[in-house]
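Here are the chains, one letter per residue:
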Amino acid sequence: QDSAIVAAGLGLAATAYGAQMFLKSYNEIKNAPPPEETEEENKANTTATDAGAGATGAGAGKEAGAGARANARAEAKEERKKKKKKEEGGQNFFDAIFGGPKNFWEGGFEDKMTRREAAQILGIRESAKVDNIKKAHRLILMANHPDKGGSPYVATKINEAKELLLKGRK
């Protein structure tokens, strides 16, 4: 009974620590200074100021100049957001913290499988031991077996990867 209380206390402490670290990283990202203006934004602000000065000179008042500058700033801010999102590959906060889709291999299979590609398919090193190769092959093939909804092509590639890595090692 005492061990159950200790285990529950440790679990609660671990959860609290994890939440604390999550909030700390969230606040760091949230409170990060905004990026400096780019040349495009400077041009937009200059153009808006010139347009505002022309409107003011024509007797439209200060409001027209301020409105044009505000619109230009808003447009520049949107452009900066789009550019930043494009540079980051569309990552959001949670993808940045928890790994997101950036961890996946981008691209198909090579025409002729190399030892490097075979090791990547099985999720092991090229120099892995025979037992580790067989174990990784079994686990991955069970998850991707055609009888369980997996692709026959992927299953073939998994088998090919195992054969290539085991070639000359038995």
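Within any chain, residue numbers begin from 1 and follow the written order of that chain's sequence. pLDDT decides what is reported in this predicted model: residues at 70 or higher carry local features, side-chain atom pairs at 80 or more are listed and counted, and totals for whole chains, interfaces and linings draw on all residues regardless. In computing side-chain values, all of the structure's heavy atoms are included and hydrogens and water are not.

(A) Quick look at the overall build of the protein chain. In terms of regular secondary structure, the protein chain is built from 7 helices and 0 strands. When the helices and strands of the protein chain are read in sequence order from the N terminus, they spell out α-α-α-α-α-α-α. In the protein chain, buried positions account for 18% of the 170 residues. The criterion used for residue contact is that any of the two residues' heavy atoms lie within 4.5 Å. Long-range pairs, those at least 24 residues apart, make up 54% of the contacts in the protein chain between residues at least 6 apart in sequence. Here, Shrake-Rupley sampling with a 1.4 Å probe gives the accessible areas, and only protein chains in the shown set may cover a residue. Summed over its atoms, the accessible surface of the protein chain is roughly 13000 Å², and 55% of this surface lies on carbon and sulfur atoms. Secondary structure elements follow DSSP: runs of H or I no shorter than four residues count as helices, runs of E no shorter than two count as strands, and numbering proceeds from the N terminus. A 1.4 Å probe rolled over the protein chains alone gives each residue an accessible area, and that area as a share of the maximum for its type sets the label: buried under 20%, exposed over 50%, partly exposed in between.

(B) A look at the packing of helix H6 (residues 130–144) against helix H7 (residues 152–166). The N-to-C vectors of H6 and H7 enclose an angle of 175°; their axes lie 10 Å apart at closest approach. As judged from the angle between their axes, H6 and H7 are roughly antiparallel. In this structure, H6 contributes Val130, Ile133, Lys134, His137, Ile140, Leu141 and Asn144 to the contact, and H7 contributes Val154, Ala155, Ile158, Asn159, Lys162, Leu165 and Leu166. Polar here means any residue other than Ala, Val, Leu, Ile, Met, Phe, Trp, Tyr, Cys and Pro, which are nonpolar, and Asp, Glu, Lys and Arg, which are charged; Gly is therefore polar. In the contact of H6 with H7, the residues fall into 9 nonpolar, 3 polar and 2 charged. For every element, the axis is a line fit to its C-alpha atoms; helices are fit only across the contacting stretch, and the angle between N-to-C directions ranges from 0 to 180 degrees. Note on angle classes: values under 35 degrees are labelled roughly parallel, values over 145 roughly antiparallel, values of 65 to 115 roughly perpendicular, and the remainder oblique.

(C) Here's a closer look at the pattern of salt bridges. Take a side-chain nitrogen of Lys or Arg and a carboxyl oxygen of Asp or Glu: if they are within 4 Å of each other, that pair is a salt bridge. Under the defined criterion, the tally for this structure stands at 1 salt bridge. Here Lys157 and Glu160 are joined by a salt bridge, their closest N and O atoms 3.6 Å apart. Taken together, the residues Lys157 and Glu160, both in helix H7 and 3 residues apart, mark about one turn of the helix. When its relative accessible area of 31% is taken as the criterion, Glu160 is described as partly exposed.

(D) Structural context of the confidence of the model for the protein chain. pLDDT measures how confident the predictor is about each residue, on a scale from 0 to 100. Model confidence for the protein chain is summarised by a mean pLDDT of 75, while 64% of its residues fall at 70 or above. Throughout residues 51–61 the model reports pLDDT below 50, and contacts reaching past four residues in sequence, or to other chains, amount to 7 contacts.

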